[in-house]
Amino acid sequence: MNGVDPGRLNDQQLMKELQAIHRTRHDTLLHGSNDALRVHNVRMAQLEGEYLRRHPRRPVAPGRTREGARERRCAEA
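Attention in this report is confined to the structure presented alongside it. (Residues numbered from 1 in each chain as written. Predicted model: local features only at pLDDT ≥ 70, side-chain atom pairs only at ≥ 80, totals over all residues. Heavy atoms only, no water.)

### A look at the environment of Gly49
Reasoning step 1: As for its position among the elements, Gly49 is in helix H2 (residues 34-54).
Reasoning step 2: The class of Gly49 is partly exposed, set by a relative accessible area of 37%.
Reasoning step 3: Once the C-alpha coordinates of Gly49 and Gln13 are considered, the two residues, 36 residues apart in sequence, prove to be 15 Å apart. (Helix = DSSP H or I, 4+ residues; strand = E, 2+ residues; numbered from the N terminus. Buried < 20%, exposed > 50% of the residue type's maximum accessible area, 1.4 Å probe, protein only.)

Given below as structure tokens:
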């Protein structure tokens, strides 16, 4: 495994790791080797999984649901 086990990170460290991996995602997808992309995918899943485990009832913005997206599409038409 690459990096510290996400379960051992405190909340601030976890958020910092999530911000860093999301910031590097696009470049890894476009320019990274297949191995680099695979490692990135695994690490991102680990970090995001830990975040969701800690925050199962996180607030969800209405516009980020299917219903909210449909309403947004209707309003744009």
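### Looking at the side chain of Thr28
Reasoning step 1: Along the chain, the position of Thr28 falls in helix H1 (residues 11-31).
Reasoning step 2: Within the structure, the side chain of Thr28 is placed 2.9 Å from the backbone oxygen of Thr24, a separation counted as a polar contact.
Reasoning step 3: Residue contacts for Thr28: discarding those within four places in its chain leaves Ala36, Leu37 and His40. (Polar contact = N/O pair within 3.5 Å; in protein donor to acceptor, adjacent residues only side chain to side chain. Contact = heavy atoms within 4.5 Å.)

### Notes on the nonpolar core
Soluble globular proteins tend to bury their nonpolar side chains together.
Reasoning step 1: The biggest cluster of nonpolar side chains holds six residues, and these are Leu9, Leu14, Leu18, Ile21, Met44 and Leu47.
Reasoning step 2: Elements that contribute at least two residues to this core include exactly H1 and H2.
Reasoning step 3: Examining the composition of this core, we find that three residues originate from one element, H1, more than from any other. (Core = buried A, V, L, I, M, F, W, Y, C linked by side-chain atoms within 4.5 Å.)

### Some words on a positive patch on the surface
Reasoning step 1: A surface patch of like charges, here positive, comprises Arg64, Arg66, Arg70, Arg72 and Arg73.
Reasoning step 2: Take Arg66: its relative accessible area is 70%, and that puts it in the exposed class. (Patch = residues over 30% accessible without salt bridge, like charges linked within 9 Å, V, L, I, M, F, W, Y side chains within 5 Å. Areas by Shrake-Rupley, 256 points an atom, 1.4 Å probe, with all protein chains shown as cover. Salt bridge = Lys/Arg side-chain N within 4 Å of Asp/Glu carboxyl O. Lys, Arg positive; Asp, Glu negative; His and termini not counted. Charge placed at Lys NZ, Arg CZ, Asp CG, Glu CD.)

### Overview of the pattern of salt bridges
Reasoning step 1: Enumeration according to the criterion identifies five salt bridges in this entry.
Reasoning step 2: Among the ionic pairs, Arg54 bridges to Asp11, the shortest N-O distance being 2.6 Å. In this pair, Arg54 is assigned in helix H2 and Asp11 in helix H1, connecting sequence segments 43 residues apart.
Reasoning step 3: Look at Asp11 and you get partly exposed, because its relative accessible area is 44%.

Purely spatial values, then, with no claim about function.
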